[in-house]
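Structural overview
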Amino acid sequence: TNLMDNYALYFGHILSNSFYPVLQRAIGVGSAFEGWSPREQDVVYQVLIPMTPPRGHSFHLELDSAGQRQVRNFRVRVQLECTCTKEQGENMLCFLHHSEEELRRNQDPSLLDTLCTDSYLDVEKTARWFYQLVRAIWPALPQSHNWHLMLLPSRRSCQFKVSNGRESFRIEMLFGVRRGDSDVFVSSQPREAHTQSTTWPETYTVAETEFFKHVAKQAPPDSLHLKCLQFFTRLLLGLGFSTYIIKTIVMHLLNVVPVSQWRRRDFLQRLMDISESLWLCVQAKCLYHFIAGNQRLPQAIRLPPDVQMGQTYNLFHRLAEDSAAHTQAISEYWVL
């Protein structure tokens, strides 16, 4: 967190008068920040960095209707805005109403000319830009005196490892655009092997992290809800059920079973609840997504109306479409 905060300070300083996206404070997401990483030696600290448009630009999210049924993909259209009548500081020229020659001679190029493809923000160009920023800023950070930075390859995020000889941390910087003032983003994290560079899948990771924070505020000191989740995700190693499947089941249970019933004395019963819930879902070939379409979430979690009131989707849709996959899931459940 200290490292991300230091990076945020330098991001703000370096980019303050540029026409690159404005980077907000990083939001920790995923198992490491939710407190249930399956294996501590393999922890990846994922952070989502919200981006807002620079001066003279605006972002417009466009739903890609050609995407998969289970995943909503968006594109981020970048539009130039008139700045003739606005106080922009340092006599900024309006991208719309000054000549190309004057702009080229006196002002840095617009975001459309740097990180976009056909007027749409490009994930891969943005990732390369992030790598350059992270590498350039590192020597100025206090951590650089005692830690070594190693950049790792990635097309749609910025991954790196910092180590000091005794311990190391692996960090993945994802970037995204917030949907309104909600906890839902479109992000650079891919959902399939060949995601187009201008495709930004909708992500609910921030909303899920907020749900775990909400539970933590109400849970008794000896609550073992995270231990239950961690226990099951460790059992899953080598089996076909993803950690996200178990996480979804536990979130559904946490939403209906009071946190007062997740104490040490309840540990075995809650493990049995998780197991039985998984079995019922496998039999029914249906496990609904926890965030999308869930109207019973705590009020602290902010969702766009189309996400909260819209249709949920089935995480076990493949079992419903493929009888062999369903038979395999039943077999793996009994192994579990």
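All values derive from a computational prediction rather than experimental measurement. (Residues numbered from 1 in each chain as written. Predicted model: local features only at pLDDT ≥ 70, side-chain atom pairs only at ≥ 80, totals over all residues. Heavy atoms only, no water.)

1. Focus on the overall build of the chain
Summing up its helical and strand segments, the chain has eleven helices and twelve strands in all. In terms of overall dimensions, the chain has C-alpha extents of about 70 × 50 × 35 Å along its principal axes. With 336 residues in all, the chain has 48% of them scored as buried. Once local pairs closer than 6 in sequence are excluded, the contacts in the chain between residues at least 24 apart make up 63%. As displayed, the chain offers around 17,500 Å² of accessible surface, 49% of which is attributable to carbon and sulfur atoms. Both charge centroids of the chain, one from 34 positive and one from 33 negative side chains, sit 5 Å from each other. (Helix = DSSP H or I, 4+ residues; strand = E, 2+ residues; numbered from the N terminus. Buried < 20%, exposed > 50% of the residue type's maximum accessible area, 1.4 Å probe, protein only. Contact = heavy atoms within 4.5 Å. Areas by Shrake-Rupley, 256 points an atom, 1.4 Å probe, with all protein chains shown as cover. Lys, Arg positive; Asp, Glu negative; His and termini not counted. Charge placed at Lys NZ, Arg CZ, Asp CG, Glu CD.)

2. Let's talk about the state of the cysteines
Using the criterion set out here, one finds zero disulfides in the structure. No disulfide involves Cys94; its nearest neighbouring cysteine sulfur is the one of Cys84, lying 3.7 Å away. Under the relative-accessibility criterion, Cys94 is labelled buried at 1%. With no disulfide of its own, Cys116 lies closest to Cys94 among cysteine sulfurs, the gap being 17 Å. Its relative accessible area of 7% is what places Cys116 among the buried residues. (Disulfide = S-S within 2.5 Å.)

3. Notes on the packing of helix α1 (residues 2–15) against helix α4 (residues 123–137)
At a minimum axis separation of 11 Å, α1 and α4 run at an interaxial angle of 105°. As judged from the angle between their axes, α1 and α4 are roughly perpendicular. Along its contact with α1, which presents Tyr7, Tyr10, Phe11, Ile14 and Leu15, the element α4 presents Trp129, Leu133, Val134 and Ile137. Of the residues assigned to the contact of α1 with α4, the class counts are nine nonpolar, no polar and no charged. (Axes fitted to C-alpha atoms, helices over the stretch in contact; angles between N-to-C directions. Parallel < 35°, antiparallel > 145°, perpendicular 65-115°, else oblique. Nonpolar A, V, L, I, M, F, W, Y, C, P; charged D, E, K, R; others polar.)

4. Describing unusual backbone geometry
Unlike most non-glycine residues, Ser119 shows phi in positive territory, near 70°. Of note in this structure, Lys285 is not a glycine but carries a positive phi near 55°. Within the element layout of this structure, Lys285 appears in the loop between α8 (267–284) and α9 (305–308).

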